[in-house]
Amino acid sequence: MLTRLEIENVAVIERTEISFGAGLHVLTGETGAGKSIIIDSIELVLGERASRDMIRTGAQCARVFAEFSDLSPETVALLSEFGYEPESDGTLLISREVQADGRSSARIGGRPVSASALRDIGRSLITIHGQHNNQSLLSPDTHVRYLDAFAKNGELLESYAESYREVSKLRFELARLQSAEKEKEGRIDYLTYQIEEIERAQVEPGEDEALAERRSMLVNAERISAAAESAYDALYGREDSAQTLLSQSAADLEGIGRYTQRFSGLAERLRGLQYELEDCVSELRELKDELEFDPGLLEQIERRLDVFYRLKRKYGSSADEILAYLEKARGELAEIELAGERAERLAGELKEKTAVLSERAAALTESRRRAAERLCGEVMEELRFLDMPGARFEAAVEPAEGFTAQGADKVEFYISTNIGEDPKPLARVASGGELSRIMLGIKNVLAEGESVATLIFDEIDAGVSGRAAQKIGLKLKQLSRGRQIVCVTHLAQIAAFADRHLLISKGERGGRTYTGVTDLDRQGRERELARIMGGIDVTDTMLRTAAELLDTSDALVNART
């Protein structure tokens, strides 16, 4: 529910703040006073397209701030989906700013938000109805949702959606297998060739690295051999080798160890180094013996590395990657060879799941048809009350072309406003006054299933007057029970039903035009209703008539409570 609206430098409004509550809010005022600016500002803060033309002359930017409370679960879920959350007190703060260069920015709770995300969130907060635009009821695509809400089809829809997802997944998988079947023979030949090529090579894990190291040793055998001989000689081969000197040093310290433990401990450490050195010498001897140059072995290694060179160009940069590719190819080949069997199994499963989907779709269709009959009866009752006794309303539930995400039905609302005329699609109703009453009648019937807490009706009174206008006012009052209604009107008969009556007035100060908003009390309401009914001069008779209209409206509401 919208609780507060602040507007700054939008058109002729320099700055104004409006508070809202529950119930029916009516906005009245002279033509051009700025009533439409209020609605435009609300649309702006809900993510609609921004234009620099809406900035007040002389200002650098326009700003709109809105506060909402009592958020619906749908709004909270959408906020979470986009990474936002309400304030700690449960309110939601949204602001929008338009710069003189045409750029705009929006924030939720002080954090930037994209216009598209703001529009999605905004639709869950407020629905705005004008004469011919912004009316979701005029779009056939929305009619099935309205009918489902009226029928309370939540559980049926959830059950159907589960089956629809399962069937869609199976169809996709089966189509993929059938597509692969067309290329099956060629792919089998190609994979078989690759597998045989790798298997012939008898690749071992890490083999290419071991061969490369072995080749490096053979190619550099002379240099390696010389260095290894020199190291071996220094460690073991000479009379003054490291091993001899280390052994002698340990023996000398052991000889004096009986005089002090410090030398004895040092001698033990040297003996430990001697044993480690002996291990190094032994390993060096083995490596040295392997360094004999063998031209035949080098040639074998070169040929083997050439095999790896060719394989690496196709299957990976190492022996391990080549083996991984081999396993992948074997798996794909096995899958293709079993594709026919798997496709047959999937086809059987798809048949079973489709049967379940058909049953659930049929249950949904039956529920919709039953609900459509009730909906038509209730809407026509509303239209008769709104002085359209000859109106015929139909909710057509027809088969769709196959299964869709919403079921197996197409739903569209039809209306005939005159006796003897065939019903036509709701979107083709031409009369603004008739359209307003039709929309209000449908909305009143569907109110229970409507999740949006705030409905705004912009000049719903177009083309109506007198008795019909009074009935529209009464229906708006009824619709406002449990939700917030904001209505822009030019008719006193509608304004008389308001819980809050806001007067939009325009004045001049210092050569500039200013728009203000006044929350009217009982006396102010009487004057404003008299002005609407009478014209330029408000007489005592007009004021008495306005007071009587307010009393009559209260009595009508009380009589229907």
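Residues numbered from 1 in each chain as written. Predicted model: local features only at pLDDT ≥ 70, side-chain atom pairs only at ≥ 80, totals over all residues. Heavy atoms only, no water.

1. Let's talk about the sheet that holds strand β2 (residues 13-19)
Thought 1: Taken in spatial order, the six strands line up as β2-β1-β4-β5-β6-β7 in an open sheet, and their pairing is antiparallel. Strands with a single pairing partner mark the edges of an open sheet, and in this sheet they are β2 and β7 (111-112).
Thought 2: As paired strands, strand β4 (residues 61-68) and strand β5 (residues 92-99) are joined by eight bridges and run antiparallel to one another. If you follow Phe65 over to β5, its bridge partner there is Ser95. (Pairing = 2+ DSSP bridges. Helix = DSSP H or I, 4+ residues; strand = E, 2+ residues; numbered from the N terminus.)

2. Comments concerning the nonpolar core
Thought 1: Counting residues in hydrophobic clusters, the biggest one holds 59 residues, and the most contacted among them are Leu375, Phe413, Phe457 and Leu476.
Thought 2: In terms of nonpolar packing, the next biggest core, distinct from the first, is built from 45 residues, Ile37, Val45, Leu78 and Ile128 among them. (Core = buried A, V, L, I, M, F, W, Y, C linked by side-chain atoms within 4.5 Å. Buried < 20%, exposed > 50% of the residue type's maximum accessible area, 1.4 Å probe, protein only.)

3. Some points on the pattern of salt bridges
Thought 1: For the structure on display, the rule yields 30 salt bridges.
Thought 2: The closest approach of N and O atoms between Arg368 and Asp148, which form a salt bridge, is 2.8 Å. Taken together, the positions of Arg368 in helix α13 (residues 339-385) and Asp148 in helix α4 (residues 140-151) put the pair 220 residues apart, joining distant regions of the chain. Taken individually, Arg368 and Asp148 each receive the classification buried, so the pair is uniform in this respect.
Thought 3: Taking the shortest distance from any N to any O, the salt bridge between Glu327 and Arg330 comes out at 2.6 Å. In this pair, Glu327 and Arg330 both sit in helix α12 (residues 319-337), three residues apart, roughly one turn of the helix.
Thought 4: The network of salt bridges with common partners includes Arg4, Glu6, Glu8, Arg15, Arg63, Glu67 and Glu97. (Salt bridge = Lys/Arg side-chain N within 4 Å of Asp/Glu carboxyl O.)

4. What about helix α11 (residues 295-315)?
The α-helix winds at 3.6 residues per turn, so residues separated by three or four positions along the chain end up facing the same way.
Thought 1: The terminal C-alpha atoms of α11 lie 30 Å apart, and with 21 residues this matches the ideal 30 Å at 1.5 Å per residue to within 8%.
Thought 2: By the burial criterion, the buried members of α11 are Leu298, Ile301, Arg304, Leu305, Phe308, Leu311 and Tyr315. For α11, the angular spread of buried residues about the axis comes to 140°, placing them on one side. Summarising the geometry of α11, the exposed residues directed more than 90 degrees from the buried face are Tyr309 and Arg313.
Thought 3: Packed against the buried residues of α11 are α6 (184-201), α7 (207-219) and α12.
Thought 4: Immediately downstream of α11, the backbone of Gly316 shows phi near 155°, a positive value. (Expected span 1.5 Å × (residues − 1). Arc of directions from axis to C-beta. Contact = heavy atoms within 4.5 Å.)

5. Quick notes on the confidence of the model for the protein chain
Thought 1: In this model, the protein chain carries an average pLDDT of 85, and 93% of its residues clear a pLDDT of 70 or more.
Thought 2: When pLDDT is averaged over each element of the protein chain, β4 comes out on top at 95 and helix α8 (residues 221-237) at the bottom at 74. (pLDDT = per-residue confidence, 0-100.)

6. Things to note about helix α2 (residues 73-81)
Thought 1: For α2, the complete set of buried residues consists of Thr75, Leu78 and Leu79. Buried positions in α2, seen along its axis, are confined to an arc of 100° and lie on one side of it. Of the exposed residues in α2, those oriented more than 90 degrees away from the buried face are Pro73, Ser80 and Glu81.
Thought 2: Check the buried side of α2 and you find it contacts β5, β6 (104-108) and α3 (115-123).
Thought 3: Positive phi shows up at Gly83, right after α2, with a value of about 90°.

7. A closer look at the pairing of strand β14 (residues 500-509)
Thought 1: Two strands pair when backbone bridges link them, and strand β3 (residues 23-28) and β14 are joined in this way by four bridges, in the parallel orientation. By the bridge assignment for β14, Thr28 is matched with Leu503.
Thought 2: Where β14 meets strand β15 (residues 512-519), eight bridges bridge the pair, whose relative direction is antiparallel. Following the sheet pairing, Gly507 is matched in β15 by Tyr514.
Thought 3: The antiparallel hairpin formed by β14 and β15 contains two residues in its connecting segment, where Gly510 sits at a positive phi of about 60°.

8. A few points about the packing of α6 against α11
Thought 1: Where α6 contacts α11, the axes come no closer than 11 Å and their chain directions differ by 155°. For the element pair α6 / α11, the angle class is roughly antiparallel. In this structure, α6 crosses over α11, and the sense of that crossing is left-handed. For the pair formed by α6 and α11, the contact residues are Tyr193, Gln194, Glu197, Ile198 and Ala201 on the first element and Arg304, Val307, Leu311, Lys314 and Tyr315 on the second.
Thought 2: Considered class by class, the residues forming the contact of α6 with α11 number six nonpolar, one polar and three charged. (Axes fitted to C-alpha atoms, helices over the stretch in contact; angles between N-to-C directions. Parallel < 35°, antiparallel > 145°, perpendicular 65-115°, else oblique. Left-handed = near helix turned anticlockwise from the far one by under 90°. Nonpolar A, V, L, I, M, F, W, Y, C, P; charged D, E, K, R; others polar.)

9. Looking at the pairing of strand β13 (residues 484-488)
Put simply, side chains in a regular strand alternate between the two faces of the sheet.
Thought 1: Among the five residues that make up β13, five are buried, leaving the element largely enclosed by the rest of the structure.
Thought 2: Of the two faces of β13, both are covered, the one formed by Gln484, Val486 and Val488 as well as the one formed by Ile485 and Cys487.
Thought 3: Across five bridges, the pairing between strand β12 (residues 454-458) and β13 is parallel. Note that in β13 the partner of Phe457 across the bridge is Cys487.

10. Some points on the side chain of Glu382
Thought 1: Structurally, Glu382 is set in helix α13.
Thought 2: In this structure Glu382 comes out as buried when scored by relative accessible area, which is 13%.
Thought 3: A distance of 2.7 Å separates a polar atom in the side chain of Glu382 from a polar atom in the side chain of Lys475.
Thought 4: Ignoring sequence-local partners within four residues, the contact set of Glu382 consists of Gly441, Asn444, Val445 and Lys475. (Polar contact = N/O pair within 3.5 Å; in protein donor to acceptor, adjacent residues only side chain to side chain.)

11. A few points about the sheet that holds strand β11 (residues 424-425)
Thought 1: Ordered in space as β9-β10-β11, the three strands form an open sheet in which the pairing is antiparallel. Sheet topology places β9 (392-404) and β11 at the edges, where each strand pairs with a single neighbour.
Thought 2: For β9 and strand β10 (residues 407-416), the ladder comprises nine bridges, and the chain directions are antiparallel. Bridge pairing in β10 links Glu394 to Tyr414.
Thought 3: Relative to the sheet, α4 contacts β9 and β10, its axis offset from that of β10 by approximately 105°.

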